[in-house]
Amino acid sequence: MGAGGSDPIREVARLLAERRNAVVLTGAGISVESGIPSFRGAQGMWAKYDPTEYATLHAFMQSPRKVWEMLSEMVSVCGGAAPNAAHKGLAALEETGVVRAVITQNVDGLHQAAGSRRVIEYHGNLDELICVYCWKRYPTRDRWTPGSVPQCDCGEILKPNVVLFGEPIPWLAQEQAEEEARSCGVLVVIGTSAQVSPACDIPRIAKELGAAVVEINPEPTLLTRTVADVHLAGPASEILALLLQSIRDEEH
Ligand code: OAD
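Note that the coordinates shown come from a computational prediction; the quantities given were computed from them, not determined experimentally.

## Things to note about the site of the ligand
- Taken together, the neighbourhood of the ligand is formed by 23 residues, with Ala28, Phe39, Arg40, Thr192 and Ser193 sitting nearest.
- Between the ligand and the protein, one listed contact pairs an oxygen atom with a backbone N or O atom of Gly191 at 3.3 Å.
- The separation between an oxygen atom of the ligand and a polar side-chain atom of Thr192 is 2.6 Å.
- When the ligand sits alone it has 800 Å² of accessible area, and the protein chains cover 90% of it.

Given below as C-alpha cells:
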C-alpha cells in the first residue's frame, strides 16, 4: 500500500475490511470537532497555558491552585462536550469487528460516550480525582464544581487522575497498548501530532511488527514521512465517514 494509490480511501477501506484487526490511536485532534481545543498550535491549550507552569507534576505540587485554573477549564469544556461523528464512526467499526481497540491519549471520555467498548486510556480520565498524598479517589462530579478547587477528606488538594508531564503512564494501560500495537494488522493514528513520548512510540512498535500504519490528520506530522504508510489528509469526521461508506461498499 502506498500514499500514491489512485484512491487511498478505497485502499485503506479494503485493508481494514480484509484484516479486521485494526487498532486505533487517537489524540486531541479527534475531539476538536466536539469543541475541545487541542494542545499545540495557535488555538491550542499550550498557547494559553505554558505547560511547564501548568502541566507538570512538579507545577501541581508547587502551586495546585494555579494549575487548577487550567484543569477547571478542561473539566468544564470536556464535561459539556458530546462525541462527534469520528468517535461514533470508530464505535461503529468496533461493532462490525473491523476495529478491535482504541488507545487514546485523550482524557475526555468521548470514545466511551460514543459507544466504543475497548478503550485504553493512556493518559487517564478527567472523570476521576486522586489525592497525591493519601491516594484516595473520588468521582470528579462528587468533589468539583465550576471554579472550585476540590479537596480530599485528608485536607489536601485533589488532582484529576490524568497523566501530567513527569508522571508515568498507568502501567496497565501501557502494557495493554503495547500488546495491541504488537499484534494488530493495521494501526490507524488519528488526530495526534505524535510529539509526546511514550505514546508516539506506539505507531513505531506496530510498524516494526508488520502492521500497516494509516494516519488521519489534516496536517502532516512527525509520522507522515517516517512511519505512516498512508496519510489521509482531512478532518477525522470527514475521513471516517468516507472510510465507513467505502468499507460498506467493500462488504456488499
Ligand atoms: P496535539 O495538540 O499535539 O495535536 C493535535 C493534532 O490533531 C494535530 O496534529 C492536528 O493537526 C490534528 N487535528 C486538528 N484538528 C483535527 C481534526 N478535525 N481531525 C483530525 N486531526 C485533527 O495533541 P496530541 O497529539 O493529542 O498530554 O497531544 C499529545 C499529548 O500532549 C496530550 O495527550 C497531552 C499533551 O501534552 C499530556 O498532557 C500528558
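## So, the sheet that holds strand β1 (residues 22–26)
- One open sheet accounts for 6 strands, arranged β3-β2-β1-β7-β8-β9; its pairing is parallel. Looking at strand neighbours, the two that pair on one side only are β3 (119–121) and β9 (230–232), the edges of this open sheet. Averaged over all pairs of adjacent strands, the angle between their axes in this sheet comes to 20 degrees, without regard to strand direction.
- When strand β8 (residues 212–216) meets β9, the two strands line up parallel, connected through 3 bridges. Paired with Glu215 across the bridge in β9 is His231.
- Helix α1 (residues 8–19) rests against β1, β7 (186–190), β8 and β9 of the sheet, and its axis sits at about 115 degrees to β9.

## Points about unusual backbone geometry
- Following Ser197, the chain continues into Pro198 via a peptide bond in cis, with omega recorded as 5 degrees.
- With respect to the element layout, Pro198 can be found in the loop between β7 and α11 (202–208).
- The phi dihedral of Ala194 falls on the positive side, at around 55 degrees, and the residue is not glycine.

## A look at the side chain of His111
- Tracing the chain through its elements places His111 in helix α8 (residues 110–114).
- A residue is classified by how much of its surface remains accessible, and His111, at 1% relative accessible area, is buried.
- Looking at His111, its side chain comes within polar contact range of the side chain of Thr26, at 2.9 Å.
- Once residues within four sequence positions are removed from consideration, His111 is found in contact with Thr26, Ile30, His87, Leu90, Val102, Thr104, Ser116 and Val119.

## Some details on the pattern of salt bridges
- Applying the stated criterion across every chain, the model contains 14 salt bridges.
- Lys66 is the partner of Glu53 in a salt bridge, and the nearest nitrogen-oxygen pair spans 2.7 Å. In this pair, Glu53 is assigned in helix α4 (residues 51–54) and Lys66 in helix α6 (residues 64–79), connecting sequence segments 13 residues apart.
- By relative accessible area, which is 39% here, Glu53 ends up partly exposed.
- In this structure, Glu178 engages Arg182 in a salt bridge whose closest nitrogen and oxygen atoms are separated by 4.0 Å. One end of the pair, Glu178, and the other, Arg182, are both in helix α10 (residues 171–183), 4 residues apart, so they sit about a helical turn from each other.
- Relative accessible area serves as the criterion here: at 40%, Arg182 is assigned to the partly exposed category.
- A single network of salt bridges, built from pairs that share partners, joins Arg10, Arg14 and Glu250.

## Thoughts on the sheet that holds strand β6 (residues 158–162)
- Strand order in the open sheet formed by 3 strands is β5-β4-β6, and the pairing between neighbours is antiparallel. Two strands bound the open sheet, and with one partner strand each, they are β5 (137–139) and β6. Recorded for the sheet is a direction-independent mean angle of 40 degrees between the axes of neighbouring strands.
- By the bridge criterion, 4 bridges tie strand β4 (residues 124–131) to β6 in an arrangement that is antiparallel. Note on β6: the bridge partner recorded for Gly124 is Val162.

## Comments concerning α10
- The first and last C-alpha atoms of α10 sit 18 Å apart over 13 residues, in line with the 18 Å expected at 1.5 Å per residue.
- In this structure, the buried residues of α10 make contact with β1, β2 (99–104), β3 and α11.

## Observations concerning the environment of Glu156
- Structurally, Glu156 is set in the loop between α9 (140–143) and β6.
- The sequence separation of Glu156 and Ser63 amounts to 93 residues, and the corresponding C-alpha distance is 12 Å.
- When near neighbours in sequence (up to four residues on either side) are disregarded, Glu156 contacts Cys131, Tyr133, Pro150 and Gln151.

The rules behind each value
- Each chain has its residues counted from 1, following the order in which its sequence is written.
- Thresholds applied to this predicted model are a pLDDT of at least 70 for local features of residues and 80 or more for the giving and counting of side-chain atom pairs; totals over whole chains, interfaces and linings are not thresholded and use all residues.
- Side-chain numbers here rest on the full set of heavy atoms in the structure, without hydrogens or water.
- Throughout, near means a residue has at least one heavy atom within 4 Å of the molecule or strand.
- Side-chain atoms alone can form a polar contact between residues adjacent in sequence; in general such a contact is a pair of N or O atoms within 3.5 Å, and within protein one must be able to donate a hydrogen while the other accepts it.
- Accessible surface is estimated by sampling points in the Shrake-Rupley manner with a 1.4 Å probe; for residues, cover comes only from the protein chains shown.
- Here the rule is simple: two strands pair whenever DSSP picks up at least two bridges between them.
- Helix numbering and strand numbering both begin at the N terminus, where a helix is a DSSP run of H or I of at least 4 residues and a strand a DSSP run of E of at least 2.
- Helix axes are fitted only over the stretch in contact, all axes being lines through C-alpha atoms; the angle between N-to-C directions runs from 0 to 180 degrees.
- Here, two residues are considered to be in contact whenever any of their heavy atoms come within 4.5 Å of each other.
- For every residue, the accessible area obtained with a 1.4 Å probe (protein chains only) is divided by the maximum for its type, and the residue is called buried under 20%, exposed over 50%, and partly exposed between those limits.
- Here, a salt bridge means any Lys or Arg side-chain nitrogen found within 4 Å of an Asp or Glu carboxyl oxygen.
- Here a helix's expected span is defined as the number of its residues, less one, multiplied by 1.5 Å.

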